[in-house]
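Geometric and topological summary
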Amino acid sequence: MSQTKAYAAQSATSPLAPHTIERRNPKPHDVAIEILYCGICHSDLHTARNEWHGTVYPVVPGHEIVGRVTAVGAHVKKFKVGDLAGVGCLVDSCRECDHCKEGLQQYCTGGATFTYNSNDKDSPGLQTYGGYSKHVVVNEDFVLHVSDKLPLAGVAPLLCAGITTYSPLRHWKVGKGTRVGVLGLGGLGHMGVKLAVAMGAEVTMLSHSKHKEPDAKKLGAHKFVLTTDEEQLKSVTGYFDFILDTVSAAHDYNFYLGLLRTNGVMVCVGAPDAPASIPAFNLIFGRKSIAGSLIGGIPETQEMLDFCAKHNIVSDIELINIKDINEAYERMLKGDVRYRFVIDMATL
Ligand code: NAP
Ligand code: ZN
Ligand code: ZN
């Protein structure tokens with residue numbers, strides 16, 4: 001075991017603060033990575049504050065990790081010392097169930113091991129600790145190749161915000177001719193816009209923040225609709241084939257189902273704690289669907305990273321010192337982030 005500097009929350013109400021964790025020594029199939037940048041996902045905040053319940057403290061969040069390989073186990077084939085590497089939300093899975101065999105490790109029926117706040121199969125009795133730390137050790141099957149052509153700090157958020165939006169866009173075959181509405185312009189939403197535009201769709205930003213309109217257009221959105229403006233909403237009633245809902249706070253799904261045309265699909269990736277109440281008639285009339293989607297499996301995450309390298313897509317970020325992380329959380333809650341905070345891990 002080796003000691004690693006980190007930032008952790010000790011309880012749902014305590015701010016994140018310096019903390020020391022133990023990382024295992026690399027085993028034959030492990031890759032050791034010095035973390036250079038780690039993105040801040042709203043899921044980090046939900047977890048640090050126990051909004052989804054089930055957080056085990058201390059918790060070290062962070063699942064948008066990029067860095068450089070510092071050591072590899074004897075049997076590692078995919079990486080060598082000095083390579084760039086990425087780690088997203090998953091660090092292991094059962095590898096035997098149908099989902100794992102299909103590369104859908106996020107739906108592993110044996111229970112996937114998430115990058116933080118999961119039981120660590122490799123260190124029984126301990127939780128996994130995420131990327132708000134100096135180093136991480138991960139089995140090579142869950143480490144991604146990262147392009148050296150893109151600005152590295154902007155690549156970090158692809159590991160969660162990127163794959164979480166890419167996966168449903170691909171699954172529902174979004175492309176040329178699809179009318180897409182992206183609901184919520186935050187970390188996930190801004191990646192959803194960039195990716196859907198790159199896939200050839202007609203993209204409308206659906207936001208409750210008027211001041212984000214110029215940014216939405218800069219990100220490539222073809223239209224902007226202020227969801228608090230009734231007239232603007234009327235113009236897109238029954239309009240969309242596909243809505244990607246990235247909103248982090250409780251909201252009324254029925255309101256947005258009305259924006260779908262017949263056969264339209266609304267995919268929820270935003271994960272507020274509050275339950276939804278949807279009358280069947282809101283789906284029956286128009287044969288509409290409401291669906292969910294969880295991050296993406298390892299092969300699709302690599303596909304997304306390669307797609308982004310090919311199309312020159314990175315996240316728009318604000319780089320922060322790790323000591324400012326609690327302020328970053330508060331700003332994220334206020335929607336005051338353009339459009340992802342990324343921690344410069346050199347500041348730890
Ligand atoms: P974020 O950067 O904070 O963005 C959330 C956006 O939601 C805000 O920018 C805002 O957009 C909108 N919003 C916030 N409060 C709202 C309210 N009260 N009413 C309406 N809109 C509101 O968060 P994120 O990192 O993108 O994450 C978004 C959600 O996805 C979180 O719940 C996160 O846990 C979840 N998530 C899920 C997965 C998955 O696998 N399914 C993966 C990662 C994250 P506007 O100002 O434009 O309205
Ligand atoms: Zn995330
Ligand atoms: Zn499995």
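For clarity, every value in this text was computed on a predicted model and none was experimentally measured.

Before going further, it helps to examine the coordination of the zinc ion (ligand 2). The protein atoms that coordinate the zinc ion (ligand 2) are C41 (SG), H63 (NE2) and C160 (SG), at distances of 2.0 to 2.2 Å. Counting residues between consecutive donors of the zinc ion (ligand 2) along the chain gives the motif C-x21-H-x96-C. One end of the pair, C41, is in the loop between β3 (30-39) and α1 (42-48); the other, C160, is in the loop between α3 (152-155) and α4 (161-171), and 119 residues separate them in sequence. Of the two residues examined, C41 and C160, each falls in the buried class.

A separate point is the packing of aromatic side chains. Under the counting rule described, the total for this entry stands at 4 aromatic pairs. Taking the centre distance of 5.0 Å and the plane angle of 80° together, the rings of F255 and Y256 count as edge-to-face. For Y256, a relative accessible area of 9% corresponds to the buried category. Centre to centre, the rings of F281 and F285 are 6.0 Å apart; their planes meet at 35°, and the pair counts as tilted.

What follows is about the site of ligand 1. Around ligand 1, the surrounding shell holds 28 residues, and the nearest of these are S207, H208, S209, K212 and R340. Measuring from a nitrogen atom of ligand 1, one finds a backbone N or O atom of S293 at 2.9 Å. Contact with the protein chains covers 88% of the free accessible surface of ligand 1, which is 930 Å². Mapped by element, the contributors of at least two residues to the shell around ligand 1 are α1 and α5 (187-198).

Let us look at the coordination of the zinc ion (ligand 3). The protein atoms that coordinate the zinc ion (ligand 3) are C94 (SG), C97 (SG), C100 (SG) and C108 (SG), at distances of 2.3 to 2.4 Å. For the zinc ion (ligand 3), the 4 donor atoms are set out with angles of 101 to 119° between them, so the coordination reads as tetrahedral. Between consecutive donors of the zinc ion (ligand 3), the numbers of intervening residues give the motif C-x2-C-x2-C-x7-C. Residue C97 is classed as buried on the basis of its relative accessible area of 10%.

Moving on: the packing of α4 against helix α10 (residues 298-311). Remark: α4 packs on α10, axes separated minimally by 10 Å, with the N-to-C direction vectors making an angle of 100°. On the basis of the axis angle, α4 is roughly perpendicular to α10. Listed contacts from α10 to G162, I163, Y166, S167 and R170 of α4 are E300, T301, E303, M304 and F307. A class-by-class count of the residues in the contact of α4 with α10 yields 4 nonpolar, 3 polar and 3 charged.

On to the sheet that holds strand β11 (residues 202-207). A sheet is described by the order of its strands in space; here 6 strands give the open sequence β12-β11-β10-β13-β14-β15, paired in parallel fashion. In this open sheet, the two strands that pair with only one neighbour each are β12 (223-226) and β15 (289-292). Neighbour to neighbour, the strand axes of the sheet diverge by 20° on average, direction disregarded. Direction of pairing for β11 relative to β12: parallel, over a ladder of 4 bridges. Counterpart to S207 in the pairing with β12 is L226.

What follows deals with the side chain of T178. Here T178 lies in the loop between α4 and β10 (179-183). When near neighbours in sequence (up to four residues on either side) are disregarded, T178 contacts K173, A201, E202, D241 and F242.

Taken together, the side chains of F281, I284 and F285 present a nonpolar region at the surface, about 390 Å² in accessible area. Within the secondary structure layout, I284 lies in helix α9 (residues 281-284). Accessibility expressed as a relative area gives 53% for I284, which makes it exposed.

To continue, consider the domain arrangement of the protein chain. Its domain assignment divides the protein chain into domain 1 (2-160 + 296-308 + 315-347) and domain 2 (162-292). Spacing between the C-alpha centres of domain 1 and domain 2 amounts to 27 Å. Contact with domain 1, which involves 22 residues of that partner, is made by 23 residues of domain 2. The junction of domain 1 with domain 2 conceals about 1900 Å² of combined surface from both sides, 56% of it contributed by carbon and sulfur atoms. When residues of domain 1 are sorted by the area they lose upon contact with domain 2, C160, F307 and Y339 head the list and together hold 34% of the total.

With respect to the helices and strands, the residue Q302 is situated in helix α10. Once residues within four sequence positions are removed from consideration, Q302 is found in contact with L144 and H145.

Three or more residues of helix α11 (residues 325-333) are buried, namely I325, A328, Y329, R331 and M332. On an axial view of α11, the arc spanned by its buried residues comes to 165°, and they lie on one face. On the buried face of α11, the contacting elements are β1 (2-8), α1, β16 (317-320) and β17 (340-344). With its phi angle positive at about 75°, G335 sits one or two positions after the end of α11.

Next up on the list: the nonpolar core. If you look at the biggest cluster of nonpolar residues, it comprises 94 residues, and the most contacted ones within it are I40, Y132, L195 and Y329. Both of domain 1 (2-160 + 296-308 + 315-347) and domain 2 (162-292) provide at least three residues apiece to this core. Sequence-distant contacts of L195, defined by excluding residues within four places in its chain, comprise G162, T165, Y166, L169, F307, C308 and I313.

Here is what the cut-offs are and how they apply
Residues numbered from 1 in each chain as written. Chains lettered and ligands numbered in written order. Predicted model: local features only at pLDDT ≥ 70, side-chain atom pairs only at ≥ 80, totals over all residues. Heavy atoms only, no water. Donors = N, O, S within 2.8 Å, 3.2 Å for Na, K, Ca; no water. Helix = DSSP H or I, 4+ residues; strand = E, 2+ residues; numbered from the N terminus. Buried < 20%, exposed > 50% of the residue type's maximum accessible area, 1.4 Å probe, protein only. Phe/Tyr/Trp six-rings, centres within 6.5 Å; stacked < 30°, edge-to-face > 60°. Near = heavy atom within 4 Å. Polar contact = N/O pair within 3.5 Å; in protein donor to acceptor, adjacent residues only side chain to side chain. Areas by Shrake-Rupley, 256 points an atom, 1.4 Å probe, with all protein chains shown as cover. Tetrahedral: all angles 85-135°; square planar, octahedral: opposite > 155°, others 65-115°. Axes fitted to C-alpha atoms, helices over the stretch in contact; angles between N-to-C directions. Parallel < 35°, antiparallel > 145°, perpendicular 65-115°, else oblique. Contact = heavy atoms within 4.5 Å. Nonpolar A, V, L, I, M, F, W, Y, C, P; charged D, E, K, R; others polar. Pairing = 2+ DSSP bridges. Patch = residues over 30% accessible without salt bridge, like charges linked within 9 Å, V, L, I, M, F, W, Y side chains within 5 Å. Salt bridge = Lys/Arg side-chain N within 4 Å of Asp/Glu carboxyl O. Domains from an automatic or database assignment. Buried area = accessible area lost by both parts, 1.4 Å probe. Arc of directions from axis to C-beta. Core = buried A, V, L, I, M, F, W, Y, C linked by side-chain atoms within 4.5 Å.

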